[in-house]
Amino acid sequence: MESTATPARDRTSEREFDLIDQYWDAANYLTVGQIYLLDNALLKEPLRPEHIKPRLLGHWGTTTGLNFIYAHLNRVIRQRDLDMIYVCGPGHGGPGMVANTWLEGSYSEIYPDISEDAEGMQKLFKQFSFPGGIPSHAAATTPGSINEGGELGYALVHAYGAAFDNPELVVVCVVGDGEAETGPLAASWHSNKFLNPKTDGAVLPILHLNGYKIANPTILGRMDDEELEALFTGYGYEPVFVEGDDPKLMHPAMAEALDEVLDRIGEIQAAARREGAPAERPAWPMIVLRSPKGWTGPKEVDGKKVEGFWRAHQVPVDNVRANKAHLKILEDWMRSYEPEKLFDANGRLRAELRALAPTGDRRMGANPHANGGLLKRELKLPNFGDYAVEIARPGTKTAESTRIMGAYLRDVIRLNEPTRNFRLMGPDETTSNRLDAVFEATNRVWMEGIKPYDVSLAHEGRVMEVLSEHLCEGWLEGYLLTGRHGLFNCYEAFVHIVDSMFNQHAKWLKEARELPWRRPIASLNYLLSSHVWRQDHNGFSHQDPGFIDLVANKKADIVRVYLPPDANSLLWTTDHVLRTWNRINVIVAGKQPELQWMTMAEAIPHCEYGLGIWEWACQGPADSEPDLVMASAGDVPTMEMLAAVDLLHQALPDLSIRVVNVVDLMTLMPRNQHPHGISDADFDGIFTRNKPVVFAYHGYPYMIHRLTYKRTNHDNFHVHGFIDEGTTTTPFDMVVLNGLDRYHLAMAAVDRLPALGGKAAEFKQHLNHKLVEHHAYVREHGEDMPEIRDWTWPHDRPEVDEGWD
Ligand SMILES: Cc1ncc(C[n+]2csc(CCOP(=O)(O)OP(=O)(O)O)c2C)c(N)n1
Ligand SMILES: [Mg+2]
């Protein structure tokens, strides 16, 4: 006779699903509590207006889905002993992430004041979106988070960045269906073309189709399953659908889906890691979770649909203090989770439920990958002096500075190959930026097909190239946040595409630095090459030095901008930035053959100090105040400034000129505003207190004024830089158009030296004639005049006087 009894395994499952459902209830309860309650956290008394926060803030709609996923991930982590982190795309669901880390105990471990009891729960509720408390979004303050999530679009790219070179890690990434409409997120699906199942971890995207954004349906939410399946299959995924609104059916469906995708990930990895297995890109599984926005919340408020609609997005019931009916809705809603069954009288999660969370570092709020500094190992760095360009006389020999840097990076890659913790990202420009020596040591990683004639393309490699600055930036951020190192090389003009991502990372670092439990991560390093002054062939679209201005907006202790004028100073700078942590370093350096100035012995102290007087270039007695200071920051401006000094010296040999070069832009700031700022006394010593300073600067001139406006001699600073005059023309014409050329600089100097009187008139006329000649010449010949192209610094280094007597 056939038995009607449920098999034992299913009975256990039913019981387990019931517990998971309660765990989910607990997380949902804590979410609502954070949004609404100031007091009466366990609802031991009837809810009264004074229990309610005066300002109701937060996002409810997304959190039940996030909480549902978290509870189910806990099950598989425990069952399979998974090393798993949770990247929460809809970071506005912050209270959900906080609730879950509190339930698993990781929150109270980090913040003991928010203890696992009634008092802690009370504080947990109060602190949320409250002055002096925590932000409404998942942030650096949220245990287990590597993704701010406030600005939507970067979750999936961060998840992939975390998974690279972490073969045992599973990165679950919840993607909001609104978030999925952003450009960066839409590009991120292609990251699977760069993930090697043998050497990298797995990313499990969970597309959260709750159907709505703030006040609109979502595109993906309104697409049918057939079209979604086609879309994601086309992206190279195998979507598994979990859909519905009945928790009784949804728990088993989600558990089954998770088991299926994790089995599949296991199979993919086992197959790829077998001896001699062919490397190929698998179709990675993903989950499409279609569940109501604001699931389990109020169905209707004031006769208007809330659950399963965009009205559930933020605070679904407002004006609760004053409106009795709303207060009742809130109370009924909170009591529907039956808090008395979830928490004991002391506010502790019941032991049976607590046992559902993983333990120790397996808890997603305590996983060290989400606090990457804990895992960070220093890089092994070669001796940068070994790559130095020999300089017999300054300004006579040319080199491509970034090509020299490429050789250094090649050996960084070689030295760190065993630890697999360094990557070089770029939007298809590594060769263009002349870093191609790196391909002597590694390849571009690529999991798509490889043709026999492809160049430096392989299934494994330290270089990641994709024509998406968003992906390069996001992968690197994810990689750094999980404890590794890297560098992003980019055309200067197009790095603006990631302005906003830079902003968010800077915010993350600012917050994380204030949290002692977040260990320092490696700095985010940019090499901006193919810069404004040498994009003469590509024209105006490719000419923009404004990223520096954006960078300078950020907290002084986080950002650094370096403008090394030659190869040896670029080598020092590269070595330096790779040794730093918790910073954002921007290096701007040219890739074209350019004159070289400093020996390595000169470059090291110059760069260490960040700026200095180039004695070998000064005209007139070095031991007295000059008539004029000629200063520069940036490679092309430095050459033009020195050429101007040469012109001035020839025409006005009695003029004493001091030559100053700035590598570390932040040295110009007052010391109390930036840790690299030099003292006022030193600044006055270098730039004088009252002599004219003609400053040739790489970017927008206003920046130098902004950095120096508090300095004594600021009124005498005359800055020449990019004034948005760009086009396709010769390199010298570019600087002429912007008044940054030697002739304009020399004229600017003369104009500031009234004492020269009539002596200067003839010289100025000569300079003006030169500009006319240049103008005619380039328009006739299509290249710069030979005297410009072939100019070199005419003076030898003066004999170095070693003594100080
Ligand atoms: C780049 C960006 N644009 C706009 C917003 C404002 N915003 C916050 S939440 C949201 C809707 C998000 O919808 P979805 O991703 O579907 O999340 P969920 O439905 O899970 O709340 C928007 C537009 C933002 N945070 N980031
Ligand atoms: Mg949505």
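What comes next is a walk through the structure.

Rules used throughout
Residues numbered from 1 in each chain as written. Chains lettered and ligands numbered in written order. Predicted model: local features only at pLDDT ≥ 70, side-chain atom pairs only at ≥ 80, totals over all residues. Heavy atoms only, no water. Axes fitted to C-alpha atoms, helices over the stretch in contact; angles between N-to-C directions. Helix = DSSP H or I, 4+ residues; strand = E, 2+ residues; numbered from the N terminus. Parallel < 35°, antiparallel > 145°, perpendicular 65-115°, else oblique. Left-handed = near helix turned anticlockwise from the far one by under 90°. Contact = heavy atoms within 4.5 Å. Nonpolar A, V, L, I, M, F, W, Y, C, P; charged D, E, K, R; others polar. Disulfide = S-S within 2.5 Å. Buried < 20%, exposed > 50% of the residue type's maximum accessible area, 1.4 Å probe, protein only. Pairing = 2+ DSSP bridges. Right-handed = clockwise from strand over helix to strand, strands pointing away. Core = buried A, V, L, I, M, F, W, Y, C linked by side-chain atoms within 4.5 Å. Near = heavy atom within 4 Å. Polar contact = N/O pair within 3.5 Å; in protein donor to acceptor, adjacent residues only side chain to side chain. Areas by Shrake-Rupley, 256 points an atom, 1.4 Å probe, with all protein chains shown as cover. Salt bridge = Lys/Arg side-chain N within 4 Å of Asp/Glu carboxyl O.

1. What about the packing of helix H24 (residues 742–751) against helix H25 (residues 759–781)?
A packed helix pair is summarised by two numbers, namely the angle formed by the two axes and the spacing between the axes. Taken N-terminus to C-terminus, the directions of H24 and H25 make an angle of 160°; their axes are 10 Å apart at the nearest point. One way to sum up the angle between H24 and H25 is to call them roughly antiparallel. As for the relative orientation of H24 and H25, their crossing is left-handed in sense. Of H25, the residues touching H24 (which contributes Tyr 743, His 744, Ala 746, Met 747, Val 750 and Asp 751) are Ala 760, Phe 763, Lys 764, Leu 767, Asn 768, Lys 770 and Leu 771. Considering only residue class, the contact of H24 with H25 consists of eight nonpolar, two polar and three charged.

2. Details of the state of the cysteines
Overall, the coordinates contain zero disulfides when judged by the stated rule. Unpaired in this structure, Cys 173 has its nearest cysteine sulfur neighbour in Cys 88, at a distance of 8.8 Å. Not engaged in a disulfide, the cysteine Cys 618 finds its nearest cysteine sulfur in Cys 607; these two sulfurs lie 17 Å apart. Among the residues examined, Cys 618 registers a relative accessible area of 17% and is labelled buried.

3. Some details on the pairing of strand E13 (residues 485–491)
By the criterion of burial, E13 is predominantly enclosed, with seven of the seven residues buried. In E13, alternate side chains face the same way, and those of His 485, Leu 487, Asn 489 and Tyr 491 on one face and Gly 486, Phe 488 and Cys 490 on the other are all buried. Sheet analysis places strand E9 (residues 422–426) next to E13, joined by four bridges and oriented parallel. Within E13, the residue paired with Met 425 across the bridge is Phe 488. A crossover links E13 with its parallel partner strand E14 (residues 524–529), the connecting element being helix H16 (residues 499–513), and its sense is right-handed.

4. Side note on the nonpolar core
Grouped together as the largest cluster of nonpolar side chains are 180 residues, with contacts concentrated most on Phe 343, Leu 665, Phe 687 and Phe 695. The leading source of residues in this core is helix H1 (residues 8–36), at 12 residues. Core analysis: the next-biggest nonpolar cluster, separate from the first, contains 87 residues, Ile 404, Ala 407, Met 600 and Tyr 743 among them.

5. Brief notes about the environment of Ile 548
Position of Ile 548 among the secondary structure elements: in helix H17 (residues 547–551). Owing to a relative accessible area of 0%, Ile 548 belongs among the buried residues under this scheme. In sequence terms Ile 548 and Tyr 154 are 394 residues apart; their C-alpha atoms lie 23 Å from each other. Leaving out residues up to four positions away in the same chain, Ile 548 has contacts with Val 561, Leu 563, Val 588, Leu 665, Tyr 697, His 698 and Met 703.

6. Notes on the site of ligand 1
The environment of ligand 1 is formed by 16 residues, the closest being Thr 62, His 92, Asp 177, Gly 178 and Lys 293. Between His 92 and ligand 1, the recorded distance is 2.6 Å, taken from a side-chain N or O atom to an oxygen atom. Between an oxygen atom of ligand 1 and a side-chain N or O atom of His 313, the distance comes to 3.5 Å. Starting from 590 Å² of accessible surface for ligand 1 in isolation, the protein chains cover 75%. The class makeup of the residues in the shell around ligand 1 is four nonpolar, seven polar and five charged.

7. Some thoughts on the sheet that holds strand E19 (residues 628–633)
Sheet architecture is open: five strands sit in the order E18-E20-E19-E21-E22, paired in mixed fashion. The outermost strands of the open sheet, each flanked by one partner alone, are strand E18 (611–613) and strand E22 (717–720). Across the sheet, the mean angle separating the axes of adjacent strands is 20° when strand polarity is ignored. With four bridges connecting them, strand E21 (residues 693–697) and E22 associate as parallel partners. Counted as the bridge partner of Val 694 is His 718 from E22. Taken strand by strand, helix H20 (residues 635–651) contacts E19, strand E20 (657–662) and E21, and its axis lies near 155° from that of E19.

8. A short note on the sheet that holds strand E5 (residues 284–290)
If you walk across this open sheet you meet the five strands as E1-E2-E3-E5-E4, and the pairing is parallel. The open sheet has two edge strands, strand E1 (83–88) and strand E4 (237–243), and neither has a second partner. Pairs of neighbouring strands in the sheet enclose a mean axial angle of 20°, with direction left out of account. Of the strand pairs in this sheet, E1 and strand E2 (residues 169–176) are connected by six bridges, and their pairing is parallel. Paired with Cys 88 across the two strands is Val 174, which belongs to E2.

9. Section: the side chain of Ser 679
Within the secondary structure, Ser 679 is located in the loop between E20 and helix H21 (680–687). In this structure, Ser 679 is in contact with Arg 671 and Arg 711, ignoring residues within four places of it in sequence.

10. Overview of the pattern of salt bridges
What the rule picks out here adds up to 53 salt bridges. With its nearest N and O atoms 3.6 Å apart, the salt bridge here joins Asp 83 to Arg 362. You can see Asp 83 sitting in strand E1 and its partner Arg 362 sitting in the loop between helix H13 (351–354) and strand E8 (398–400), a full 279 residues away along the chain. When its relative accessible area of 28% is taken as the criterion, Arg 362 is described as partly exposed. Note that Asp 165 and Arg 420 form a salt bridge whose closest N and O atoms lie 3.4 Å from each other. Here Asp 165 is found in the loop between helix H6 (155–163) and E2, whereas its partner Arg 420 is found in the loop between helix H14 (401–415) and E9, with 255 residues between them in sequence. The network of salt bridges with common partners includes Asp 165, Asp 200, Glu 417, Arg 420, Arg 423, Glu 460 and Arg 462.

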